[in-house]
Every structure is written in C-alpha cells, then in structure tokens.
Amino acid sequence: MTQIFWPSRRRMLDVLAAALILGPASKALAQGPSTLKIATIGAGNEGGALGTIFAKLGHPVMFSSRHPEQLKDLVAAAGPNARAGSVADAVAFGDIVFLVVPYSAVEQIGRDYGKALATKPLVVDVSNPSAARDGDALAKWVDEQGGAGLATAKLLPGAHIVRAFNNFGHNGIHGAEVLTNPPPGQTVGVPIAGDDAKAITLATQLFKQTRFEPVLIGGLAKGKYLVPGSVISGVHTPDELRKIAASLD
Ligand SMILES: NC(=O)c1ccc[n+]([C@@H]2O[C@H](COP(=O)([O-])OP(=O)(O)OC[C@H]3O[C@@H](n4cnc5c(N)ncnc54)[C@H](OP(=O)(O)O)[C@@H]3O)[C@@H](O)[C@H]2O)c1
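Calculation criteria
Residues numbered from 1 in each chain as written. Predicted model: local features only at pLDDT ≥ 70, side-chain atom pairs only at ≥ 80, totals over all residues. Heavy atoms only, no water. Salt bridge = Lys/Arg side-chain N within 4 Å of Asp/Glu carboxyl O. Helix = DSSP H or I, 4+ residues; strand = E, 2+ residues; numbered from the N terminus. Buried < 20%, exposed > 50% of the residue type's maximum accessible area, 1.4 Å probe, protein only. Axes fitted to C-alpha atoms, helices over the stretch in contact; angles between N-to-C directions. Parallel < 35°, antiparallel > 145°, perpendicular 65-115°, else oblique. Contact = heavy atoms within 4.5 Å. Nonpolar A, V, L, I, M, F, W, Y, C, P; charged D, E, K, R; others polar. Arc of directions from axis to C-beta.

K.L.:
Run through the pattern of salt bridges, naming residues and quoting values.
P.N.:
Pairing is possible between side chains of opposite charge, provided their charged atoms come close. Under the definition given, this model contains five salt bridges. With a closest N to O distance of 3.0 Å, Lys140 and Glu144 form a salt bridge. Separated by four residues within a single helix, Lys140 and Glu144 lie in helix 8 (residues 136-145), roughly one turn from each other. The residues Lys140 and Glu144 share a single accessibility class, namely exposed. Here Lys224 makes a salt bridge to Asp249, at a shortest N to O gap of 3.6 Å. Taken together, the residues span a long stretch of sequence, with Lys224 in the loop between strand 8 (212-218) and helix 12 (238-246) and Asp249 in the segment after helix 12 at a distance of 25 residues. You can call Asp249 exposed: its relative accessible area is 66%.

K.L.:
A description of the packing of helix 8 against helix 9 (residues 148-155) should follow, citing residues and the corresponding values.
P.N.:
Two elements in contact, helix 8 and helix 9, have axes whose closest approach is 7 Å; the angle formed by their N-to-C orientations is 100 degrees. By the angle class used here, helix 8 and helix 9 are roughly perpendicular. From helix 8, Trp141, Val142 and Gln145 reach across to helix 9, where they touch Ala148, Leu150, Ala151, Lys154 and Leu155. Tallied by class, the residues present in the contact of helix 8 with helix 9 amount to six nonpolar, one polar and one charged.

K.L.:
Kindly report on helix 9, identifying the contributing residues and their values.
P.N.:
Among all positions of helix 9, only Ala148, Gly149, Ala151, Thr152 and Leu155 are buried. All buried residues of helix 9 lie within an arc of 165 degrees about the axis, which places them on one face of the element. On the buried face of helix 9, the contacting elements are strand 4 (96-99), helix 6 (106-117), strand 5 (122-125), helix 8 and strand 6 (161-163).

Laid out in structure tokens, this is it:
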C-alpha cells in the first residue's frame, strides 16, 4: 500500500500563516518549506556553514563574495543545490539574504546593494563588529548607534533585518563549528532579534527547519547582546535563552 506522508497540522498552519502575510516570499513558502532561495553575502567560515545547512535542507543557495571563483570547494561540499556568484548575482537571486561579512564591509554593501536588499522580505544579519578586526573607530560608532542591530539598520536603510546566528561561539569554540557540529541530543536555541514582524515570522519559519530553535529575544535594540562574549553567547537550550532574555535591559 502506498503511504502518504502529510505534514503535521501545526506545520501546515505555520506555513499557511506565513504564506498569508509574507508578500514576495509567500508563494515559495507556500509551495513547500525548502523552496526559498537563499543568498549569502560572505562565504567564509560562518557564511559557508550557514549556506551549507540550507543547501542540504533542499534550498537553492548562492554563496557570494568578492572572489566567487574561490568558492568552488565550498559549492562542491554543499552539494547540488549550491552555486556561487558575485554579490550582485546573489542579491538578485536570493529571496532571503544572509549578511555574513566582516562588519567593516557592511557600509559598502549598504551603499552598493542597499536598495535591492530593502526589497527582500528578510535580511539575516550575522555580521558582528569586532574592534580587533574592524578597528576601534567602527566599534565605537556601533556602540553609539545602540549596538549591532540598530547600527546595521542604519547601514541598510529600509531592510527587513533579523539578527541571528551571531554568538554560538564560546570557550574558544567558533560559532561556525557549532553550526557544523551541534551538540548531539540537545535542542540548541538560536537567539534572534528584529523589529519587523513579517521578517521575524519568515526567519522563524526558516530556522525551525534547522537543528536550531529560534528564540525571539526582542527588537533590533537587543541586537547589542547578539555578539560574541555577551551574557547570551554560547550554546543554550531555548528555555535557558528565554530566561536570560527576560533579564536583559
Ligand atoms: N566564524 C564564526 O564562527 C562566526 C560566528 C558568528 C558570526 N560571525 C560573523 O560573521 C562574519 C563573517 O565571519 P567569518 O568568520 O565567516 O569570516 P571569514 O571566514 O573571514 O569570511 C568573510 C567572508 O566575507 C567576504 N567578504 C569580505 N568583504 C566583503 C565585501 N566587501 N563584499 C562581499 N564579501 C566580502 C569574504 O570573501 P572575499 O574577501 O573574497 O570577498 C569571505 O567570504 C563576521 O562579521 C563575524 O563576526 C562569525
């Protein structure tokens, strides 16, 4: 006898609810959970790991950087759903764009692609400011804006931003390693922050497909906590994240 596997009622309701409110991405989402096209701007340790997760889940993925010809090995490892292109190609390709570059590159990306990025229903801001890598002046400017979430919103005006996947790193383990090898047998929460309800809904739908359970900790102003070394950094269960989030100012 042929067996038909129906998605759970909860899953169907999630997909329908998101499809009703999501505008441009709704058609793809309604067709199935794995049809959204994902672009990454930046395809290093973190962008490579994130894109690979979504390619393996069945999403068409385009990795991009200033040197896409150097991404052949990454594309081969990520499998048949992955490809590489220029940043312009990736911005045109993605329903959803992950921004995974050194923070010092965000201003230029906003200048060159900000208009196009503002048309996307979701830009996932994975980039973290680091005084050591990006310089003291940029780190100070980010602080003056109220932290990484609000600073990225200034650099990408009009974009529907959710900060996520910023701070799994802990005890010398990089966040990208946690993405690639999450602790077995444990539900790992991924704290997210955003101001745009539709973008948060879409991010939640998308991230629920992964090993990581999204936990909304607040608006983009809370993005200042989604950086390495903060009280919410490291690997936590969703309940632990909710408890920590409740204590944040
Ligand atoms: N590594 C982690 O575990 C981790 C975890 C959470 C968050 N993050 C954050 O994610 C971001 C990337 O970190 P990473 O470790 O993946 O760095 P990485 O390995 O050095 O990769 C950076 C990527 O960004 C690209 N890139 C740099 N400038 C660019 C520009 N102007 N336009 C387009 N692409 C550009 C680089 O390629 P080209 O130089 O060829 O353009 C490269 O593909 C950082 O902000 C970091 O703080 C990292």
